[in-house]
Amino acid sequence: MTIAPRTPQIQSKLPKVGTTIFTVMSALAAEKNAVNLGQGFPDFACDPLLVDAVDQAMREGLNQYPPMAGVLPLREAVAAKIEALHGKRYSAADEITITAGATQAILTAILAIVRPGDEVIVLEPCYDSYIPNIELAGGSVVRVPLVPHSFRPDFDKIAAAITPRTRAILVNSPHNPSATIWSAEDMRKLEELLAPTDVFLISDEVYEHMVYDGRAHESAARFPGLAARAFVVSSFGKTYHVTGWKVGVVAAPAALTAEFRKVHQFNVFTVNTPVQHGLARYMAEPQRYLGLPAFYQAKRDLFRAGLAGTRFELLPSEGSFFQCVDISAVSDLPEAEFCQWLTTEIGVAAIPLSAFYADNFDQRVVRFCYAKEDATLRTALDRLARL
Ligand SMILES: Cc1ncc(COP(=O)(O)O)c(C=O)c1O
């Protein structure tokens, strides 16, 4: 008897998810030989000393499974850094966990706390993994817009979205894609709002060291009422120009960390050992992260100065490595079509903000990434000067 091969049909858990705009725009940028200011990663090398530190760890034989929560020296380095910067002491043993990037950290936190039917608030525009993560956990996504164009939080709208079924809220500062940051007052308002509730906070702080003009990063760790309910998430990839290494970290109170680790343990179990040791040794010199604002602020200023001669309206870039512009004076096209036109005709790729809204809300704003060599930025600016 011959057996007819049969592939069972999958009923998609994520029917709305397709190829992301980032993949589409990067492919188009490559095809058209455009300068890719779309996807958010550096085109320059990391510090060779960081590579040496990882190389040394490998040669020392640090190549087997690390402890489930991450290697202790790295957890201790993170705990010491948070205490020095934000005055909050997390226990390296019970409150810090090393993850496979911030992406895995956020999914793991959501899987640990969200049950079918729970509501989770996201503030749009938002990073593209949040909504599918909530859906995978069986949660209901409650979308609350940041104020269009200014991207400030609207606390009345956030308050109105909180119900007895709200399990968590995701907050991201410095913010991708808008490049805005939350002030201490914003954080205090959130603290007040959540105080009478049992709502968890997932605080996505992957751009924590990219805050400009002398301002401070207002981590949830600084606000006791927030820290007590928060998973504070960061990413070594963003901080040390090694996005491909995919190593992140979560700081959370011991009770939250215990549940987080149950999911982490049976998801990835552990994360790359020599990279963790290398990062721990490299972090011993604080200037390596404290110097980041000056490094990126110079790129931001170069890029903004170049754009100032165009008809784009420049929105503020207070943090992260993004610059948003309003395109209204340049084109009547919707954001997504404008980005395709810009890539094809002008030779510079950007990302439409509509890609960060579940309903593709279009406010005539697109995002550039300036985490690029100065020469790359200058080439892009030469091309954009025509607009
Ligand atoms: C807001 C935000 N959160 C999380 C991530 C993911 O970080 P990682 O590469 O460490 O997974 C990114 C990456 O672009 C991001 O912009």
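No experiment lies behind these values; they were computed from the predicted model shown.

Novice: How would you explain the overall build of the protein chain if you had to name every residue and give the values?
Specialist: When its secondary structure is counted, the protein chain shows 15 helices and 13 strands. Taken over the C-alpha trace, the protein chain has a radius of gyration of 21 Å; the compact-globule value for 387 residues is 21 Å, and the two agree within 12%. Viewed in the frame of its principal axes, the protein chain has a C-alpha envelope of about 70 × 55 × 45 Å. Residues classed as buried in the protein chain amount to 53% of the 387 residues present. Sequence separation of at least 24 residues holds for 75% of the intrachain contacts in the protein chain that already meet a minimum separation of 6.

Novice: Residues and numbers for the pattern of salt bridges, please.
Specialist: Evaluation of the coordinates by the stated rule reveals 21 salt bridges. Between Lys262 and Glu259 there is a salt bridge whose closest N-O contact spans 2.7 Å. Taken together, the residues span about one helical turn, with Lys262 and Glu259 both in helix α10 (residues 254-265) at a distance of three residues. Look at the salt bridges and you will find they share partners, linking Arg152, Asp186, Arg215 and Glu318 into a network.

Novice: Tell me about the nonpolar core, and please be specific about residues and values.
Specialist: In terms of nonpolar packing, the biggest core is built from 62 residues, with Phe312, Phe368 and Leu384 touching the most fellow members. Per-element accounting of this core gives the leading share, six residues, to helix α4 (residues 101-113). Other than its neighbours up to four places away in sequence, Phe368 contacts Leu37, Phe303, Phe312, Phe321, Phe322, Gln323, Val325, Leu342, Val348, Ala349, Ala350 and Leu384. One finds Ala161, Val199, Val242 and Val249 within the second-largest nonpolar core, a separate group that totals 55 residues.

Novice: Summarise the sheet that holds strand β8 (residues 248-251); cite the residues concerned and give the values.
Specialist: Read across the sheet, seven strands follow the order β2-β8-β7-β6-β5-β3-β4 without closing on themselves; strand pairing throughout is mixed. Edge positions in the sheet fall to β2 (96-99) and β4 (140-145), since each of these pairs with one other strand and no more. Between one strand axis and the next, the sheet turns through 20 degrees on average, direction left out of account. For strand β3 (residues 119-124) and strand β5 (residues 166-172), the ladder comprises four bridges, and the chain directions are parallel. Residue Glu119 lies in a different strand from β5, and its bridge partner there is Thr166.

Novice: So what's going on with empty space enclosed by the protein? Residues and values would help.
Specialist: Per the stated rule, a full pass over the model turns up two cavities of 30 Å³ or more. The computed volume of the largest cavity comes to approximately 180 Å³. Together, 20 residues line the largest cavity, and Lys81, Ile82, Glu208, Ser234 and Val249 are the ones closest to its centre. Taken together, the residues that form the lining of the largest cavity break down as eleven nonpolar, six polar and three charged. Each pocket or cavity is described by its volume, and for the second largest cavity that value is around 60 Å³. Every residue lining the second largest cavity is listed: Leu123, Pro125, Cys126, Tyr130, Leu146, Leu170, Val171, Asn172, His175 and Trp182.

Novice: Describe the site of the ligand, and please don't skip the residues or the numbers.
Specialist: In the vicinity of the ligand, the contacting residues are Gly101, Ala102, Thr103, Tyr127, Asn172, Asn176, Asp204, Val206, Tyr207, Ser235, Lys238 and Lys246. The contact in question runs from an oxygen atom of the ligand to an N or O atom on the side chain of Lys246, over 2.6 Å. Isolated, the ligand exposes 390 Å² of accessible area, and the fraction of that covered by the protein chains is 92%. Here the shell around the ligand takes three residues from α4, the largest share from any one element. Residues belonging to the shell around the ligand are distributed by class as follows: four nonpolar, five polar and three charged.

Novice: Report on the sheet that holds strand β9 (residues 313-314), specifying residues and quantitative values.
Specialist: Strand order in the open sheet made by the four strands is β9-β10-β13-β12, with antiparallel pairing throughout. Each edge of the open sheet is held by one strand with a lone partner, namely β9 and β12 (351-352). Of the strand pairs in this sheet, β9 and strand β10 (residues 322-326) are connected by two bridges, and their pairing is antiparallel. Residue pairing for β10: Glu313 is matched across the bridge by Asp326.

Quick notes on the rules
Residues numbered from 1 in each chain as written. Predicted model: local features only at pLDDT ≥ 70, side-chain atom pairs only at ≥ 80, totals over all residues. Heavy atoms only, no water. Helix = DSSP H or I, 4+ residues; strand = E, 2+ residues; numbered from the N terminus. Rg over C-alpha atoms; globule rule 2.2 N^0.38 Å. Buried < 20%, exposed > 50% of the residue type's maximum accessible area, 1.4 Å probe, protein only. Contact = heavy atoms within 4.5 Å. Salt bridge = Lys/Arg side-chain N within 4 Å of Asp/Glu carboxyl O. Core = buried A, V, L, I, M, F, W, Y, C linked by side-chain atoms within 4.5 Å. Pairing = 2+ DSSP bridges. Axes fitted to C-alpha atoms, helices over the stretch in contact; angles between N-to-C directions. 1 Å grid on protein atoms, 1.4 Å probe; cavity = no way out; pocket = protein on both sides within 12 Å on 5 of 7 lines; lining within 4 Å. Points joined across faces, edges and corners; volume = space filled by probe spheres on them. Nonpolar A, V, L, I, M, F, W, Y, C, P; charged D, E, K, R; others polar. Near = heavy atom within 4 Å. Polar contact = N/O pair within 3.5 Å; in protein donor to acceptor, adjacent residues only side chain to side chain. Areas by Shrake-Rupley, 256 points an atom, 1.4 Å probe, with all protein chains shown as cover.

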